[in-house]
Amino acid sequence: MIFSQTAEYALRAIVWLADHDGAAQTTQQIAAATHVPPDYLSKVLQALGRADLVRSQRGLGGGFSLTREPEAITILQVINAVDPLKRITTCPLGLKTHGKNLCPLHRKLDDATAAIEEAFAATSVAEVLRTPTNSHPLCEATVGGRAAKQGSSRG
């Protein structure tokens, strides 16, 4: 996988929250629905909070929710909040003759990373949820033509 498990978990959590119309979700609810270990998810949610992508609310009816609309959150912002994509700016082998003049292999790898950054910077979480497909993000099956969301009473 190109992305770390942490980035994958962060994306799952953000998509889950975006799909719940601003309703606060507990760590346990998010963990169960996204198949992320609760302790690990807590750390991921803290990082997302530091990046101002989620906020936590204490007390009855509390939990985590997005700090802004899903249209205003990009996939790249989520990834960069927990495990930023790493660009190749100097020779990874430390070859002094290469320095910042990357060889063709490392130039291609960095170009690919740049293309990924560009695509994810242009993709909002809302767009992910709107993309036509036969499956709904983080859902097992459909009920009556609608996605049956795990851990949710919404049909």
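The structure presented is a predicted model; accordingly, all values stated were derived computationally and were not measured. (Residues numbered from 1 in each chain as written. Predicted model: local features only at pLDDT ≥ 70, side-chain atom pairs only at ≥ 80, totals over all residues. Heavy atoms only, no water.)

1. Observations regarding the state of the cysteines
Here, the word disulfide means a covalent bond between the sulfur atoms of two cysteines.
Alright, step 1. Scanning the model with the defined rule gives zero disulfides in all.
Alright, step 2. You can see Cys91 has no disulfide; the closest cysteine sulfur is in Cys103, sitting 6.3 Å from it. (Disulfide = S-S within 2.5 Å.)

2. Re the packing of helix α1 (residues 5–18) against helix α3 (residues 38–50)
Alright, step 1. Between α1 and α3, the least distance of the axes is 10 Å, while the angle of their chain directions is 75°. Considered as vectors, α1 and α3 are oriented roughly perpendicular to each other. Where α1 approaches α3, its residues Thr6, Tyr9, Ala10, Ala13 and Ile14 are matched on the opposing element by Tyr40, Leu41, Val44, Leu45 and Leu48.
Alright, step 2. Looking at the contact of α1 with α3, its residues break down into nine nonpolar, one polar and no charged. (Axes fitted to C-alpha atoms, helices over the stretch in contact; angles between N-to-C directions. Helix = DSSP H or I, 4+ residues; strand = E, 2+ residues; numbered from the N terminus. Parallel < 35°, antiparallel > 145°, perpendicular 65-115°, else oblique. Contact = heavy atoms within 4.5 Å. Nonpolar A, V, L, I, M, F, W, Y, C, P; charged D, E, K, R; others polar.)

3. A few points about the pattern of salt bridges
Alright, step 1. This structure, assessed with the given rule, holds seven salt bridges.
Alright, step 2. Two residues, Asp52 and Arg68, come together in a salt bridge whose shortest N-O distance is 4.0 Å. Separated by 16 residues along the polypeptide, Asp52 in the loop between α3 and β1 (54–57) and Arg68 in the loop between β2 (63–66) and α4 (75–82) bring together distant segments of the chain.
Alright, step 3. Two residues, Asp110 and Arg87, come together in a salt bridge whose shortest N-O distance is 2.7 Å. In this pair, Asp110 sits in helix α5 (residues 104–121) while Arg87 sits in the loop between α4 and α5, placing the two residues 23 residues apart along the sequence.
Alright, step 4. For Asp110, a relative accessible area of 3% corresponds to the buried category. (Salt bridge = Lys/Arg side-chain N within 4 Å of Asp/Glu carboxyl O. Buried < 20%, exposed > 50% of the residue type's maximum accessible area, 1.4 Å probe, protein only.)

4. A closer look at the environment of Asp19
Alright, step 1. Assignment of secondary structure puts Asp19 in the loop between α1 and α2 (27–34).
Alright, step 2. Using a relative accessible area of 10% as the deciding quantity, one classes Asp19 as buried.
Alright, step 3. With 107 residues separating them along the chain, Asp19 and Ala126 place their C-alpha atoms 8.5 Å apart.

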